[in-house]
Amino acid sequence: MIKLTTPLTEEMIAGLKAGDEVLISGKIYTARDAAHKKFGSQPPFDLKGQIIYYASPTPTKPGEVIGSIGPTTSSRMDAFAPDLMAAGLKGMIGKGSRSPEVIEAIKKNKAVYFTVPGGAAALYAKQVKSAKVVAYPELLSEAVYELEIVDFPATVTIDSTGSNLFEIGRQKYAK
């Protein structure tokens with residue numbers, strides 16, 4: 001396991017390869033479809049070196065920091081991702097494949113795409129040490145949250161060279 005702490009730097013990202021398993025700590029932000037449509041390429045937080053987790057929590061139970069917080073399908077944010085990376089975003093966490101345009105933007109901007117499997121949302125919530133809404137509270141669970149996470153497990157799926165774990169897997173099993 002590779003331990004990463006946000007904000008991410010190009011040096012940190014350059015050392016990551018598709019298939020690497022990582023534990024992420026530090027501050028990350030959540031944003032799904034509705035939030036992306038509101039902020040376009042200028043989110044209400046500093047993008048430099050940051051990670052956006054494509055997720056929204058379920059309601060928080062008493063005594064908990066946050067409700068279950070699993071990933072949503074990343075391709076729904078593909079129209080926004082290249083501009084966000086050009087503005088400083090260095091990482092994205094979600095599930096599923098990305099468009100060729102996003103992969104090119106990852107390479108151009110020296111960024112990284114992490115995936116986490118669906119179905120483990122309760123586990124991810126345990127890695128969240130604090131959560132606060134920082135924008136768009138009217139979107140309820142799709143508001144933008146700032147999360148402080150410790151040892152959040154993820155897999156490098158598309159590295160900064162464009163190496164893509166989905167393609168590697170397809171090629172391996174096509175033989």
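For the structure, check the block above.
*Asks:* Sorry if this is basic, but what is going on with the overall build of the chain here?
*Replies:* A tally of helices and strands in the chain yields 6 helices and 7 strands. Listing every helix and strand of the chain by position from the N terminus yields β-α-β-α-β-α-β-α-β-α-β-β-α. For 175 residues, the compact-globule estimate of 2.2 N^0.38 gives 16 Å, and the chain sits close to it at 15 Å. In the chain, which comprises 175 residues, the share counted as buried stands at 50%. For the chain, the proportion of contacts with a sequence separation of at least 24, taken over those separated by at least 6, is 60%. When the 21 basic and 18 acidic side-chain charges of the chain are each reduced to a single mean position, those positions are 3 Å apart.

*Asks:* Looking at this structure, how should I read unusual backbone geometry?
*Replies:* Residues apart from glycine generally show negative phi values, whereas peptide bonds are mostly found in trans. Across the junction of Thr6 and Pro7, the peptide omega takes the value 0 degrees, indicating a cis bond. When you line up the elements, Pro7 lands in the loop between strand E1 (2–5) and helix H1 (10–14). One non-glycine residue with positive phi stands out, namely Lys110, at about 55 degrees. In this structure, Lys110 sits in the loop between helix H4 (100–109) and strand E5 (112–115). In this structure Lys110 comes out as partly exposed when scored by relative accessible area, which is 40%. Its identity is not glycine, yet Asp151 carries a phi of approximately 50 degrees, on the positive side. Tracing the chain through its elements places Asp151 in strand E7 (residues 144–158). Residue classification places Asp151 among the partly exposed residues on the basis of a relative accessible area of 26%.

*Asks:* Sorry, what's going on with the side chain of Glu146 here?
*Replies:* Mapped onto the secondary structure, Glu146 falls in strand E7. There is a polar contact of 3.2 Å between the side chain of Glu146 and the side chain of Tyr29. Setting aside residues up to four positions removed in sequence, Glu146 forms contacts with Lys27, Ile28, Tyr29, Ser130, Ala131, Lys132 and Val134.

*Asks:* Looking at this structure, I do not really get the side chain of Asp159. What am I missing?
*Replies:* Topologically, Asp159 is positioned in the loop between E7 and helix H6 (165–174). Among buried charged residues, Asp159 stands out as having no salt bridge; its nearest opposite-charge side chain is Lys17, 5.0 Å away. At 3.0 Å, the side chain of Asp159 forms a polar contact with the backbone nitrogen of Ala18. Once you skip the residues sitting within four places of it in the chain, Asp159 turns out to touch Leu16, Lys17, Ala18, Ile106, Ala111 and Val112.

*Asks:* Where do I start with the nonpolar core in this structure?
*Replies:* Counting 27 residues, the largest nonpolar core has Ile24, Tyr53, Ile69, Ile93, Phe114 and Leu147 as its most contacted members. When contributions to this core are tallied by element, the ones reaching two or more residues are strand E2 (21–30), strand E3 (51–53), E5, helix H5 (121–126) and E7. At 6 residues, E7 tops the list of elements feeding residues into this core. Ignoring anything within four residues of it in the chain, the contact list for Leu147 reads Gly26, Lys27, Ile28, Thr30, Tyr53, Ile66, Ile69, Val128, Ser130 and Ala131. Core analysis: the next-biggest nonpolar cluster, separate from the first, contains 24 residues, Tyr29, Phe45, Met77 and Leu89 among them.

*Asks:* Sorry, what's going on with the pattern of salt bridges here?
*Replies:* Note that side chains of opposite charge can pair when their charged atoms are close. Under the criterion given, the structure shown has 10 salt bridges. Close ionic contact of Arg32 with Glu142 constitutes a salt bridge, the shortest N to O distance being 3.9 Å. Taken together, the residues Arg32 in the loop between E2 and helix H2 (33–39) and Glu142 in the loop between strand E6 (128–135) and E7 connect sequence positions 110 residues apart. The buried category is assigned to Arg32, whose relative accessible area is 19%.

Definitions and cut-offs
Residues numbered from 1 in each chain as written. Predicted model: local features only at pLDDT ≥ 70, side-chain atom pairs only at ≥ 80, totals over all residues. Heavy atoms only, no water. Helix = DSSP H or I, 4+ residues; strand = E, 2+ residues; numbered from the N terminus. Rg over C-alpha atoms; globule rule 2.2 N^0.38 Å. Buried < 20%, exposed > 50% of the residue type's maximum accessible area, 1.4 Å probe, protein only. Contact = heavy atoms within 4.5 Å. Lys, Arg positive; Asp, Glu negative; His and termini not counted. Charge placed at Lys NZ, Arg CZ, Asp CG, Glu CD. Polar contact = N/O pair within 3.5 Å; in protein donor to acceptor, adjacent residues only side chain to side chain. Salt bridge = Lys/Arg side-chain N within 4 Å of Asp/Glu carboxyl O. Core = buried A, V, L, I, M, F, W, Y, C linked by side-chain atoms within 4.5 Å.

These results come straight from atomic positions and should not be treated as a statement about function.
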